[in-house]
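# Observations on the model geometry
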Amino acid sequence: NPRSTLGSVESSKMQFFVVLASLFVLSQAECGPWVPLDITTFPPASPNDVITITYLAAPLLECSYGTDMELINAYHGGMALTNRNTGFQITINFDATPSFQAAILPNITRYENGTGKLGWGNYGAVFIYKGLNATYWLTSITEIGVMNGLTYNKYMGWLANANSTFQYYNLWSVWTNFPGTQLLPNFECFAFDWVSFLKLRDLGVNFYTNVTVKQGFISLYSASAPTKVNINDPSTNNLVVSFYETLELHYKQLGWVGFFLELFTILEEGIFYVRADNSYYRVVLDNFPYFGIHFVDVPLPK
């Protein structure tokens, strides 16, 4: 059974990595306090101001796990805008709210009749912070372009409404393989980065052609498109609730690093129920190796 064999190998790797991770000193990132700014209070740029656009990346959950998530290729993305004329600088990132855990694992209630209820907090929002914390964004701080004040003001007008448009944090993407055909998109920090880059491109920004930036994908592999399921159907409800009970148990035992390292064995049954926005999808994991975490070069919009 290739799953059982690889599962044993991956289990050994997980134990090694967890021990190795415990030997790392905690990241020196300054992780708090993070105080979001109110975009309506920002001063507009003057038309001839020059604003630098900077791509940012850091280990996922760095403030909790230091650099440990680099072991599994998991990262968090953002961008910074710096007005060269005035010095006004902000960092922009899309994040799960109220927490990463709430976006991935629901609160589970089991009733006496055996039915269950999943309470979700898989919401997402744009957060804007003052300055650029270079100690936190230790994976990449890469200048990717510039724009004038008029373009900046238009982008900020679009950004002010982003939380009305992008309301969910969806971690999981589904692919035939990687790279291959995407069957179900995700939407998290890097996806928002690229939506922003596309918006800036449409506003006239010409990104530098001599820089390389990366995008993260946490991917499930399937030969067929995910099937939307009805969570209100009793039999389906039981399957979905049981699935998330299993995920929650493994998270409590392993933490996030071990959870992702061991996800292959967790998924031994070959079925994954993805929560996307307010819906559920049944994914048949039938393309080996069934799951992967990728941090890959992606071209900037032209």
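Here, every reference points to the structure presented above.
Now for the sheet that holds strand S11 (residues 227–229). The strand order across the open sheet formed by three strands is S11-S13-S12, and the pairing between neighbours is antiparallel. Each edge of the open sheet is held by one strand with a lone partner, namely S11 and strand S12 (271–276). On average, each strand axis in the sheet is tilted by 35° relative to the strand beside it, whichever way the strands run. By the bridge criterion, three bridges tie S11 to strand S13 (residues 279–284) in an arrangement that is antiparallel. Across the sheet, Val 229 pairs through a bridge with Tyr 280, a residue of S13.

What follows deals with the nonpolar core. Judged by nonpolar contacts, the single largest core of 83 residues is most densely connected at Leu 81, Ile 92, Leu 159, Trp 172, Trp 256, Phe 260 and Phe 272. For this core, the element with the highest residue contribution is helix H7 (residues 234–261), accounting for 11 residues. If we skip the residues at most four places from it in the chain, Leu 81 touches Ile 51, Thr 52, Ile 53, Phe 88, Gln 89, Ile 90, Ile 92, Met 147, Tyr 152, Tyr 155 and Met 156.

Across the sheet, four strands lie side by side as S9-S8-S10-S14; this open sheet has mixed pairing. Of all strands in the sheet, those bounded by a partner on one side alone are strand S9 (182–184) and strand S14 (291–297). Across the sheet, the mean angle from the axis of one strand to that of its neighbour is 45°, orientation sign disregarded. Lying on the sheet, helix H6 (residues 189–202) is in contact with strand S10 (214–221) and S14; it crosses S10 at an angle near 130°.

The rules behind the values
- Residues numbered from 1 in each chain as written.
- Predicted model: local features only at pLDDT ≥ 70, side-chain atom pairs only at ≥ 80, totals over all residues.
- Heavy atoms only, no water.
- Pairing = 2+ DSSP bridges.
- Helix = DSSP H or I, 4+ residues; strand = E, 2+ residues; numbered from the N terminus.
- Axes fitted to C-alpha atoms, helices over the stretch in contact; angles between N-to-C directions.
- Core = buried A, V, L, I, M, F, W, Y, C linked by side-chain atoms within 4.5 Å.
- Buried < 20%, exposed > 50% of the residue type's maximum accessible area, 1.4 Å probe, protein only.
- Contact = heavy atoms within 4.5 Å.

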